[in-house]
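Coordinates in review
The primary structure of each chain is shown beneath.
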There are 4 protein chains.
Amino acid sequence: MIVSMQEKATEEQIYAVIETMEEAGVNVHRTTGAIQTILAGVGPTANVDLSKFEVLPGVLNVIRISSPYKLAGRAFRPEGTVIEFRNGVKVGGEQVAVMAGPCSIESREQMFATAARVKAIGAGFLRGGAFKPRSSPYAFQGMGIPGLQMMYEAAQEHGLLTVSEVMEIAQIEPMLPYVDLFQVGARNMQNFNLLRELGQARKPVLLKRGIAATIEELLLSSEYIMAGGNYEVILCERGIRTYETATRNTMDISAIPVIHKLSHLPIVGDPSHGTGRRDMVAPMARAAVAAGADAILVEVHPNADKAASDAAQTLYLDQFDELMGQLRVIATAVGRTM
Amino acid sequence: MIVSMQEKATEEQIYAVIETMEEAGVNVHRTTGAIQTILAGVGPTANVDLSKFEVLPGVLNVIRISSPYKLAGRAFRPEGTVIEFRNGVKVGGEQVAVMAGPCSIESREQMFATAARVKAIGAGFLRGGAFKPRSSPYAFQGMGIPGLQMMYEAAQEHGLLTVSEVMEIAQIEPMLPYVDLFQVGARNMQNFNLLRELGQARKPVLLKRGIAATIEELLLSSEYIMAGGNYEVILCERGIRTYETATRNTMDISAIPVIHKLSHLPIVGDPSHGTGRRDMVAPMARAAVAAGADAILVEVHPNADKAASDAAQTLYLDQFDELMGQLRVIATAVGRTM
Amino acid sequence: MIVSMQEKATEEQIYAVIETMEEAGVNVHRTTGAIQTILAGVGPTANVDLSKFEVLPGVLNVIRISSPYKLAGRAFRPEGTVIEFRNGVKVGGEQVAVMAGPCSIESREQMFATAARVKAIGAGFLRGGAFKPRSSPYAFQGMGIPGLQMMYEAAQEHGLLTVSEVMEIAQIEPMLPYVDLFQVGARNMQNFNLLRELGQARKPVLLKRGIAATIEELLLSSEYIMAGGNYEVILCERGIRTYETATRNTMDISAIPVIHKLSHLPIVGDPSHGTGRRDMVAPMARAAVAAGADAILVEVHPNADKAASDAAQTLYLDQFDELMGQLRVIATAVGRTM
Amino acid sequence: MIVSMQEKATEEQIYAVIETMEEAGVNVHRTTGAIQTILAGVGPTANVDLSKFEVLPGVLNVIRISSPYKLAGRAFRPEGTVIEFRNGVKVGGEQVAVMAGPCSIESREQMFATAARVKAIGAGFLRGGAFKPRSSPYAFQGMGIPGLQMMYEAAQEHGLLTVSEVMEIAQIEPMLPYVDLFQVGARNMQNFNLLRELGQARKPVLLKRGIAATIEELLLSSEYIMAGGNYEVILCERGIRTYETATRNTMDISAIPVIHKLSHLPIVGDPSHGTGRRDMVAPMARAAVAAGADAILVEVHPNADKAASDAAQTLYLDQFDELMGQLRVIATAVGRTM
């Protein structure tokens, strides 16, 4: 950490800051310049609350030098993380993975029909939500564990893996038999109790970026899972909130190369939530793969207009098929397969 | 709802939209202009998913006319909501209420010392956090229910009310005996399961605005609590995320008059989280009262620099005393007392 | 326009609003519902200041139904605009155009060396800035018209077109002989006097989106140029300001398909300014083409590290060559050539 | 400046960075830690382009320690700047100044009527716009210099000062006789050529913050004027663009105390543009004074609903009178007069 003192800071103020730094367990190197004094703190600063120093008298500003995440940092595993699933599908490797399915699990028929088509089109994962706490108390609330069981059977029949959102600690245990990849939604990105428990789970986790979260905060949240011993974390960009209202969110495609530079974790693009509009899903899926995404997560439904939730952003299966043809070409442009 | 068709929309497309609107249970009035066709939908549209219509062929855009919240709307109770607590303190009335205390409950001594001073200075509520899921797993995690008990006893001794954050449904029941006002934090503003349960609780709720939430979304979340029968909701502005980095958040003071226009619910200003800096707390507390806030929520600590959490934004008790003197003058300027 | 009255609005208030609407020259259709009254205004509302109605007593909200731009709207030219330049290069057609060159024109040698390489690699336009009002008064301020002349000669020698930024009305006339495409920078997107003058110019205009401009505002600015009779406008996405600090701006890739839906004008992606970092330029250029951009605008320099301005975001020519190979593959995926 | 190297950075990479720093004219202090190497650069770094270093191989990140502005910094004049005008009115002193008038100068009658009332109510400055480049080419474009002359005569008659917006360099000279305070609008905050010319003018400048500008960028722009020798700069907060759509802009009240901490320049609050709604002007004007603003700038009009521009945000003179009564009370709470 670097503490810059104000130009007029007194010796007393400087000593007080040095003392506070030492109390926090860091070694202090002082540089007294012609204009101002700089204090460099070396040591275990990751858990030090820097804002505490900003309000000390005479302090101009305080900067953290070391990145606040360690396990998620690229330096921890420079070659990058590849997560291998039981059927041999990998996320983070040469092949770009595909996760597709409806927003909500609605029926056995829906899941089997979807599984058959998405497998044929080229997906490796079947997605579907079982818990749907909706903004209206009267809207469809999800099928729960019985729904997950349907999804699991449909996936098994077609050699697919399953991914579904976990919303509470109490859901982890009952979901375990049916889910290959736990999804943490954007609203739970900083639900640290849930993340800590998932750090104990023996299944990989797909962690979605919150709509107001910085990339650094996303990496810090992944660190929370990894600190528990679960290193199989996949990150997901799904749109951030900006002043632009033409799309529901602004999908931050640049987060994909930035995360590849800062971290070794795989990163997935979700163009369905990133745009909220069916006619924007294909262009943004293509953009994500072109920018280097390790997988895409797409909402598809055999009868998209009648989907119980997120109908407006859900692709028809034929649209998904056409999109996959385009993505395969783009993957070759970035030295990957699909 | 109003659906505007594109200029080149065909009759077939228009009929398909009318049909979908009727399926959603709304009556359709059609206006065929020289340039484009407008479809007005009248009926129970509050729960209709409008984005579904946006992606229908030939549609230019779709607009919700009626506000999506009803119980929270100003029209529901034009005279405004005043919440009266057991010791006679009111929020939403002529007097501006004051809620003060440390971020975290740390010890019995701390709570009794704080209670004595904040009561003497003029507060009506003692605040303090018992559950502290921190971003670092090694940081202080809060004292839990025993801490709440200490806060409650300190408050009782000095005739104060208590306010504390509830983070999970399981905490509601054990917190009930010790808390006069349940606080829902910014990260839980859209935790609909928690809001629904609080709709059943027989205690008022202080609902904080999420850092990426619009005012409309805040009102929708309050609606969730009220739909359960609990009409005693107090809203709280505590800063939104913007591109500016000089402050941790940008406290949206204009949300105070906007909410007073749109809703009958009281609105509180939290300048501690709104700025994250001790030296900004007093100016922003003054601004909140000047803009019409019904209460202020301030972090204070007998030894602010040593607070177990949020030290940088916590006022010393003497600073709080001085601030209260300024606020009393400002309150008179807006026709209130303090 | 649609004016929704508050539930408690009086007849007097409603009449006052109707009167004000009629004064503005619109015909009013009134719908009196069980809960509230809706007033639909039909007529020439494009130039009506809607905010005037929002503050009338009894008004809940006011919405513009018709889009505020006409000439820029997709309906005006549903087949899309294709701009053909003197050497046969087109922007908006099947081929994705390429504009490349240094941020600043520095010397005759630099421009001739750059022109030779970018032509060989596949660009159709040579770019270079002649006027550089820098944030520091001591920094390099650009070579002015003599610099443009150098760029023009280099472009002529290699069969390239030229594009350069115009910053003031007084520059239009002297620039005319040397520039095939006038660029309007992000800071001038709402310099309406400049846009109006360019509406009189007989050369196409590349209009960059301001860093805080909505897509609607960008289209409104293009309307300003077209209103003067110059219909040859190309739009450009170059990053918007968001709360994320990992990149200088957040390049809004979704603006590309959104603009293609709303407007007939071609849209260009500028990954250099969109990211501000050389290592992010290639992924974002690929994303732009994958999302459907009609052209890309890239900063390249024979000696990128020593560029007089924007060094950090400038590609080496070999990097540009490699990027073009990837882009050609991606173009085929979206049915285009490059 | 501080350059942090990546953990795996090689000695060669470190030497290359040191060399580039020395070329930029800074002295380098190297600290080799157990994990990473830190390079501290001391010297004239204000004009060094830091992003150049960020893309060098092996660099993790680069941070500017010294603030990039000098003349605008608080340290330059710790006691604060007070600007005294010819009639004895001061901005930045104990008294909070008031600037009021219509958005546009419309007629001699309007200006004389306004001047008489605003003087009686307590304003020190008469404001009015003479140049109005509107988004529609058909809207009112302003009265130009003859309008300024009317405003000046009305101000003279009532002992008021005048403030009006300058939009182009060519307007400075003809405006000089009629204007006591040049206003630079939000869209021109980074029009560096205009700022440089105003640095030569012998009249104070009111510099408005751009809607996407950080506080640091605002201070950098003020530096541009001061670098020319004109130290009489007044800053103005008038709302920033955020995701919230309930108000046209989000007025950043916290910018007032932040600027008072960082800079010695006076800061004005403009609640008319900050909110865009007449019913929000009074609460936000009160908030600005409560937060410590040195002046307020308010749009008023004898017949607000019929104002030629900005009607929706313009106060009636009676509303302004009532507001001034409230502001006088609030001013006393912060130790000032009004």
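Below is a summary of the structure that appears in this document. Given the structure is predicted, the values throughout are model-derived calculations rather than measurements. (Residues numbered from 1 in each chain as written. Chains lettered and ligands numbered in written order. Predicted model: local features only at pLDDT ≥ 70, side-chain atom pairs only at ≥ 80, totals over all residues.)

Next up on the list: the interface of chain C and chain A. Across the contact, 35 residues belong to chain C and 35 residues belong to chain A. Elements represented by at least two residues in the side of chain C that touches chain A include exactly helix 8 (255–262), helix 10 (278–290) and helix 11 (317–333) of chain C. Considering each element in turn, the side of chain C that touches chain A owes the most residues, seven residues, to helix 10 of chain C. Considering only residue class, the side of chain C that touches chain A consists of 20 nonpolar, ten polar and five charged. (Contact = placed C-beta atoms within 7 Å. Helix = DSSP H or I, 4+ residues; strand = E, 2+ residues; numbered from the N terminus. Nonpolar A, V, L, I, M, F, W, Y, C, P; charged D, E, K, R; others polar.)

So, about the packing of helix 10 (residues 278–290) of chain B against helix 10 (residues 278–290) of chain D. Between helix 10 of chain B and helix 10 of chain D, whose axes approach to 8 Å, the crossing angle comes to 155°. The angle between helix 10 of chain B and helix 10 of chain D places the two elements in the roughly antiparallel class. Here the hand of the crossing between helix 10 of chain B and helix 10 of chain D comes out right-handed. For the pair helix 10 of chain B and helix 10 of chain D, contact is made by Arg286(B), Ala287(B) and Ala290(B) and by Arg286(D), Ala287(D) and Ala290(D), respectively. When grouped by side-chain class, the residues that make up the contact of helix 10 of chain B with helix 10 of chain D number four nonpolar, no polar and two charged. (Axes fitted to C-alpha atoms, helices over the stretch in contact; angles between N-to-C directions. Parallel < 35°, antiparallel > 145°, perpendicular 65-115°, else oblique. Left-handed = near helix turned anticlockwise from the far one by under 90°.)

Least-squares fitting of chain C to chain A yields an RMSD of 0.1 Å, with the transformation described by 0.0 Å of translation along the axis and a rotation of 180°. Here the transformation between the copies is reduced to the relation of a two-fold axis. Of the C-alpha atoms belonging to chain C, the one lying closest to the rotation axis is found on Ala287(C), 2.0 Å away. Interface overlap between copies is the fraction of interface residues in one copy that are interface residues in the other; for chain C against chain A it reaches 100%, indicating a shared surface. (Least-squares fit on C-alpha atoms with pLDDT ≥ 70 in both.)

Attention now moves to the sheet that holds strand 1 (residues 2–5) of chain A. All names here are of chain A. Taking strand neighbours across the sheet as the criterion, the four strands line up as 2-3-1-4 in an open arrangement whose pairing is antiparallel. Edge positions in the sheet fall to strand 2 (27–32) and strand 4 (59–63), since each has one partner strand and no second. Neighbour to neighbour, the strand axes of the sheet diverge by 15° on average, direction disregarded. In this structure, strand 1 lies alongside strand 3 (residues 37–42), joined through three bridges in antiparallel fashion. For Ser4, the partnering residue across the bridge sits in strand 3 and is Ile38. Across the sheet, helix 1 (residues 11–23) is in contact with strand 1, strand 2, strand 3 and strand 4; its angle to strand 3 comes to roughly 10°. (Pairing = 2+ DSSP bridges.)

Relative placement of two packed helices is described by the angle separating their axes and the distance separating the axes. Residue and element names in this part refer to chain D. At a minimum axis separation of 9 Å, helix 3 (residues 108–121) and helix 4 (residues 144–157) run at an interaxial angle of 30°. Taken together, helix 3 and helix 4 sit at an angle that is classed as roughly parallel. The interaxial crossing formed by helix 3 with helix 4 has right-handed handedness. Between helix 3 and helix 4, the residues in contact are Arg108, Met111, Phe112 and Ala115 and Met150, Met151, Ala154, Ala155 and Glu157, respectively. Class assignment for the residues of the contact of helix 3 with helix 4 results in seven nonpolar, no polar and two charged.

Of the transformation placing chain B onto chain C, the axial shift is 0.0 Å and the rotation is 180°, giving an RMSD of 0.0 Å. A shared interface surface links the copies, since 100% of the contact residues of chain B are contact residues in chain C too.

Residue and element names in this part refer to chain C. With respect to topology, four strands assemble into an open sheet ordered 2-3-1-4, the strand pairing being antiparallel. Each having just a single partner strand, strand 2 (27–32) and strand 4 (59–63) make up the two edges of the open sheet. The mean inter-strand angle of the sheet, taken between neighbouring strand axes irrespective of direction, is 15°. Pairing geometry for strand 2 and strand 3 (residues 37–42), over six bridges, is antiparallel. Looking at the pairing, Val28 lines up with Gly41 of strand 3. Each of strand 1 (2–5), strand 2, strand 3 and strand 4 touches helix 1 (residues 11–23); the most contacted strand, strand 3, lies at about 10° to it.

Note that all results are geometric; they support no functional claim without further evidence.
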